[in-house]
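Coordinate analysis (summary)
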Amino acid sequence: MSEAAQVNPQGIGASVRRREDQRFITGEGQYTDDLNQPGQVYAAFCRSPYARARINGIETTEALSVEGVIAIYTGAELVADGLGDLPCGWLVKSKDGSDMNSAPHPPMAATLANYVGEPYAMVVAESVQAAQQGAEMVVADFEELNAVIDVSQASVSEPIYESVDRNVAYNWALGDEDATRMAFAKAAHVTTIDLTNNRLIPNALEPRACLGVFEAATGDYTLYTTSQNPHLERLILSAFVQVAPEHKLRIVAPDVGGGFGSKIFVYPEETTVIWAAGKLRRPIKWVAERSESFLADAHGRDHVTHAELALDEQGRFTALKVQTTANLGAYLSTFGSAVPTYLYGTLLAGQYKTPNIYVEVEGVYTNTSPVDAYRGAGRPEATYVIERIVERAARELGKDPADLRRMNMIQPEDFPYETPVALVYDTGNYEASLDKAVLAIDYDGFEGRRAKAAEQGKRRGIGFACYIEACGLAPSKLAIELGAGVGLYESGEIRINATGSASVFTGSHSHGQGHETTFAQVVSDKLGIPYDDIDVVHGDTGRMDFGLGTYGSRSLAVGGSALVMAAEKIIEKGKKIAAHMMKASIDQVEFNNGEFTLTDSNQSMSIQEIAFASYVPADYPEDLEPGLSEKAFYDPGNFTYPAGTHIAEVEIDIETGVVDLVDFVAVDDFGHIINPLIVHGQVHGGVAQGLLHAESRRSARFHCRHDRDAVYAQSARSKGMRRSWCHRFASRDNERDYPCAG
Amino acid sequence: MKVSLQVNGEPKDVEVPENTLLVDILRVHLGLTGTHVGCDTSQCGACTVHFNGRAVKSCTVLAGQAEGAEVTTIEGIGTQEDLHPMQEAFRECHALQCGFCTPGMIMQAIDLVDNVDDLDNRSIREGLEGNICRCTGYHNIVRAIQSVADAS
């Protein structure tokens, strides 16, 4: 516990129990589907049963005759009404300098359907059942076309779009190709590896949902939706899709039941719903079924990679060369282009001093659901490549895998460390994490355990992942130079009310991370206002200036820092008021733990007294505005770089093939921790999702991608929607209590 | 059809189509939105309630089957001011993140503690087979349930 936490038991460093839990454990959370509006109607979507098909016509007469069906909107009608395409927010350039080739992404398919589950019509009815019944009665005249499914074959397959040669969106590169080639020419040893990082389906437990409202009297649109990113949603829907002007469109993301990246993006469904709410002048609600989530939420990962690592005689890494084909799906989702490039290639140095790195990424279109950010987004894919090839190199050279990692790690004295792939790591001690993890799992005793397991007919193995992640996703100038369509700062506002309580507004969004607790801890710590007197508001474009939402582990690092800046402004203004009221100069006022105190005097005023004086300015500086409310936009100068070592020990029963995870250790260096309880919880959840990914295997047996998280149908060729999926969520039988060191 | 049932100790009469599910009676007709819907395949467990004293997924019960039933939902076991021990344990152990699975998870957990003797790590995990959480990795959920089992 930090010194501050000892002073303030609910300040920074304290494991405060989460305040949002009070409503969640009593069933009083307000998720999107819990909200209702008078006169509300319901939407259901008609989705393509084909991976690729031409839509020759849509017959809606019969569907419109279903009792309760009010209206049916098709993709073609959206186009005719002038609704814009859904844009990709990051322009990636190919290595030849050309812009990426963006396939047009209409909100609903108008003439071509390009993945199974792509919506092409929306039925609106007085009840959910009538809407679903109506959707089943819509008859589309599909002409099935050859589909491109296999990512490794995409660039030699028939083009999906006339405008996209070889189905390649971009061929991006980073690093010094010549220097890398020369280093390989001098290598004492070269290790190569071919990897498939299989497609995952994020599956937040709350399915996506939205409720679109149009108020004819004012022309105001309000969209309640399951978003990690409400302000960006408003920007895209106003500036690009042109549903409504930005000042007439309010996005509210109330309680959101998990996201894992999948709720960052702007999707066809909420776009169509809010547009149609304006046409119909009635509130429209849509809630995805889980079956729809599998098909129509953006997926994650899906890379095929060839990598080569060059080493010298001692085993030092001299160069790394990586060639990745990334499946972008049928369309470029909101950040789909950035994930396998700037969030992936830039992390390929990992924790190691590899002097030469060159990476090429070919981003390809296929007739599959769009792929975008999922849990870690690009960075875990980089860690997977590095750690797999390093492990293989150790085995080929007969070196201890921990020792090989250790001898190549960036050392504390090397910071700041500029990698060959564009990042500057600020600080770290990677070996310390590795040492701690090795000790925690009793690495020295592993050979004994392995021998014992062998006696029982089991194969035991141990695997390391020494990872680094670039979090915070900024600074804006750099991101925009690299193609980002928006900045990556965050806003924060602190309003000290007249009675001394504080209302805190953040542009980041909590959907499980606990910001209402942790951000209040930060403000309590900085301003000395009791934790219980601080309220944190998020997720509503009508209540805070702007924000860029929550993803990429950015909220506390960027959004929390914005609140610290706002708190500093509050203190600065408070000092002016305090100096005036205590008849001293500003230089004589110190602020500590909620008290403005005069140096060399025992005279002091509390922040609550100062707040009251600012709103009832009887005795008040003449040149100062009343009120005690400050806001700040924080644009970080660099990413943050959490890093650590995770070690897994597994046993395989060679008779049955059953894999048993017998031990797991996670050592993470997260820097300054606000709430250890919450941080540990985040690690548990991340490790669980990672383990499920690691256990997954791609399988061709079922003609589909067989993920541990999901089975995703590649194509549905029968007349009906022949989709094959099953839930493969976290299995409880292979999880135990694992030590988790901070 | 008309369905009469007891919900959280109060008699309720609802007029619903015959193919209505209990979860929709609770959420749509009675406004008890603490019971959640996370799937359409009876796999996630977010809709778990107590049905005649046992934990049941309310998406598997048709309106007609609910006639005369006693149903308890998350709203019926405790309030913010007076939490059920299982609610308190979930908060104390940080057994939830996004909170969406939590009501069903708590209803299932209460059933487990009430009906299974000598709960341990393994039997708690087996008892949660029908309830999915995507945030926590279950670690703290198991801790919370164990703490209530140990205290009772």
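Residues numbered from 1 in each chain as written. Chains lettered and ligands numbered in written order. Predicted model: local features only at pLDDT ≥ 70, side-chain atom pairs only at ≥ 80, totals over all residues. Heavy atoms only, no water.

1. As for the overall build of chain B
Heads up, the condition is: Strands are runs of DSSP state E lasting at least two residues, helices are runs of H or I lasting at least four, and both sets are numbered from the N terminus onward. Only C-alpha atoms enter the radius of gyration; for comparison, a globular chain is expected to reach 2.2 Å times N to the power 0.38, where N is the number of residues. Think of it in three bands: with a 1.4 Å probe and only protein chains considered, a residue is buried below 20% of the maximum accessible area for its type, exposed above 50%, and partly exposed in between. Between two residues, a contact is recorded if the distance between any of their heavy atoms is within 4.5 Å.
When helices and strands are tallied, chain B shows five helices and five strands. Counting from the amino terminus, helix and strand elements in chain B follow one another as β-β-α-β-β-β-α-α-α-α. Over its C-alpha trace chain B gives a radius of gyration of 15 Å, about what one expects of a compact globule, namely 15 Å for 152 residues. Expressed as lengths along the three principal axes of its C-alpha atoms, the size of chain B is roughly 45 × 30 × 25 Å. The 152 residues of chain B split such that 58% are buried. Partitioning the intrachain contacts of chain B with sequence separation of at least 6 by distance along the chain shows that 57% fall at a separation of at least 24.

2. A word on the overall build of chain A
Just so we agree on the cut-off: Methods summary: accessible areas were calculated by the Shrake-Rupley approach with a probe of 1.4 Å, and residue burial reflects only the protein chains presented. Counting rule applied: Lys, Arg positive; Asp, Glu negative; His and chain ends not counted. A single reference atom marks each charge: NZ on Lys, CZ on Arg, CG on Asp, CD on Glu.
Broken down by element type, chain A carries 18 helices and 30 strands. For 742 residues, the compact-globule estimate of 2.2 N^0.38 gives 27 Å, and the C-alpha radius of gyration of chain A, at 27 Å, lies within 12% of that figure. Residues counted as buried form 61% of the 742 residues belonging to chain A. Across chain A, contacts joining residues at least 24 apart in sequence account for 78% of those joining residues at least 6 apart. Accessible area for chain A stands at about 27800 Å²; split by element, carbon and sulfur atoms hold 49% of it. Counting 65 positive and 100 negative side-chain charges, chain A places the centres of these two groups 4 Å from one another.

3. Thoughts on the sheet that holds strand β4 (residues 112-113) of chain A
All names here are of chain A. Counted only if it meets this: Any two strands with at least two DSSP-identified bridges between them are counted as paired.
Pairing is antiparallel across the open sheet formed by three strands, whose spatial order is β4-β2-β6. Edge positions in the open sheet fall to β4 and β6 (139-144), since each of these has one partner strand only. In terms of strand pairing, strand β2 (residues 53-59) meets β4 through two bridges, oriented antiparallel. From the neighbouring strand, Ala53 faces β4, where its bridge partner is Ala113.

4. Let's talk about the sheet that holds strand β2 (residues 10-15) of chain B
Residue and element names in this part refer to chain B. Note the cut-off: Interaxial angles span 0 to 180 degrees and are taken between N-to-C directions of axes, which are lines fitted to C-alpha atoms, for helices over the stretch in contact.
Here five strands make up an open sheet; going across it, the order is β2-β1-β5-β3-β4 and the pairing mixed. Single-partner strands in this sheet number two, and they are β2 and β4 (54-57). The sheet shows a mean angle of 40 degrees between the axes of neighbouring strands, direction not considered. Pairing analysis gives two bridges linking strand β3 (residues 48-51) to strand β5 (residues 70-72), with the strands arranged antiparallel. Its bridge partner lying in β5, His50 is registered against Thr72. Lying over the sheet, helix α3 (residues 102-115) contacts β3, β4 and β5, oriented at roughly 45 degrees with respect to β3.

5. Focus: the interface of chain A and chain B
Counted only if it meets this: We define a salt bridge as a side-chain nitrogen of Lys or Arg found within 4 Å of a carboxyl oxygen belonging to Asp or Glu. By the criterion applied in these results, polar contacts are pairs of N or O atoms within 3.5 Å in which, for protein atoms, one can donate a hydrogen and the other can accept it, and in which residues neighboring in sequence qualify only through two side-chain atoms.
Each partner contributes residues to the interface: chain A has 51 residues there, and chain B has 47 residues. One can count three salt bridges joining chain A with chain B. For B:Arg27, the salt bridge is made with A:Asp34, and the minimal N-O distance between the two is 2.8 Å. Between the two partners, chain A and chain B, sit 21 residue pairs in polar contact (both at pLDDT 80 or more). Mapped by element, the contributors of at least two residues to the side of chain A that touches chain B are α2 (21-24), α9 (290-296) and α18 (676-695) of chain A. The leading source of residues in the side of chain A that touches chain B is α18(A), at nine residues.

6. Considerations on the pattern of salt bridges
Residues and elements named next belong to chain A. Scanning all chains against the criterion turns up 50 salt bridges over all chains. Across the salt bridge formed by Asp220 and Lys248, the nearest N and O atoms sit 2.9 Å from each other. In this pair, Asp220 sits in strand β10 (residues 220-225) while Lys248 sits in the loop between α7 (230-240) and β11 (249-252), placing the two residues 28 residues apart along the sequence. Assessed through its relative accessible area of 22%, Lys248 is described here as partly exposed. Measuring nitrogen to oxygen at the nearest pair gives 3.0 Å for the salt bridge that ties Glu391 to Arg405. Here Glu391, found in helix α10 (residues 379-397), pairs with Arg405, found in helix α11 (residues 401-408); they are 14 residues apart in sequence, far enough to count as distant.

7. Let's talk about a nonpolar patch on the surface
All names here are of chain A. Just so we agree on the cut-off: To count toward a patch, a residue needs a relative accessible area over 30% and no salt bridge; like charges are then connected within 9 Å, while nonpolar side chains (Val, Leu, Ile, Met, Phe, Trp, Tyr) are connected within 5 Å.
Where nonpolar side chains cluster on the molecular surface, the patch consists of Phe612, Tyr615 and Val616 and spans about 290 Å² of accessible area. Mapped onto the fold, Val616 is located in the loop between α17 (607-615) and β25 (629-634). Note on Val616: relative accessible area 44%, which makes it partly exposed.

8. Let's talk about the pairing of β3(B)
Residue and element names in this part refer to chain B. Side chains of β3 alternate between two faces, with Thr48 and His50 and Val49 and Phe51 buried alike. Bridge count for β3 against β4 is four bridges, and the pairing is antiparallel. Its bridge partner being in β4, His50 is matched across the sheet by Ala55. Counted between consecutive antiparallel strands, the loop separating β3 from β4 contains two residues, among which Asn52 sits at a positive phi close to 50 degrees.

9. Structural notes on the packing of helix α2 (residues 85-92) of chain B against helix α5 (residues 139-151) of chain B
All names here are of chain B. Just so we agree on the cut-off: Any angle that falls under 35 degrees is termed roughly parallel, while one over 145 is termed roughly antiparallel, one within 65 to 115 roughly perpendicular, and all others oblique. Should the near helix be turned counterclockwise from the far one by less than a right angle, the crossing is left-handed, whereas a clockwise turn marks it as right-handed. Under the scheme applied, nonpolar residues are Ala, Val, Leu, Ile, Met, Phe, Trp, Tyr, Cys and Pro; charged residues are Asp, Glu, Lys and Arg; polar residues are all the others, including Gly.
Close contact between α2 and α5 brings their axes to 8 Å; oriented N to C, the two are set at 140 degrees. By the criterion of interaxial angle, the relationship of α2 to α5 is oblique. The chirality of how α2 crosses α5 is right-handed. Seen from α2, the contacting residues are Pro85, Met86, Ala89 and Phe90; seen from α5, they are Ile141, Ala144, Ile145, Ser147 and Val148. Looking at side-chain class alone, the contact of α2 with α5 contains eight nonpolar, one polar and no charged residues.

10. A look at the domain arrangement of chain B
Residues and elements named next belong to chain B. The cut-off we apply is this: Bear in mind that the domain bounds are from an automatic or database domain assignment. Buried area: the sum, over both parts, of the accessible surface (1.4 Å probe) that disappears when the two are put together.
Each assigned domain of chain B is listed with its residue range as follows: domain 1 (2-76) and domain 2 (85-151). The C-alpha centroid of domain 2 is placed 21 Å from the C-alpha centroid of domain 1. Domain 1 puts 18 residues into the contact, and the matching count from domain 2 is 14 residues. Buried area between domain 1 and domain 2, summed over both chains or domains, comes out near 1200 Å², and the portion from carbon and sulfur atoms is 58%. Three residues, His36, His50 and Ile74, lead the burial of domain 1 against domain 2; their summed loss comes to 38% of the area buried on that side. The interface formed by domain 1 and domain 2 contains one salt bridge. Here Arg54 ties to Asp111 by a salt bridge, and the two come within 2.8 Å at their closest N and O atoms. Here domain 1 and domain 2 share nine residue pairs in polar contact (both at pLDDT 80 or more) between them.

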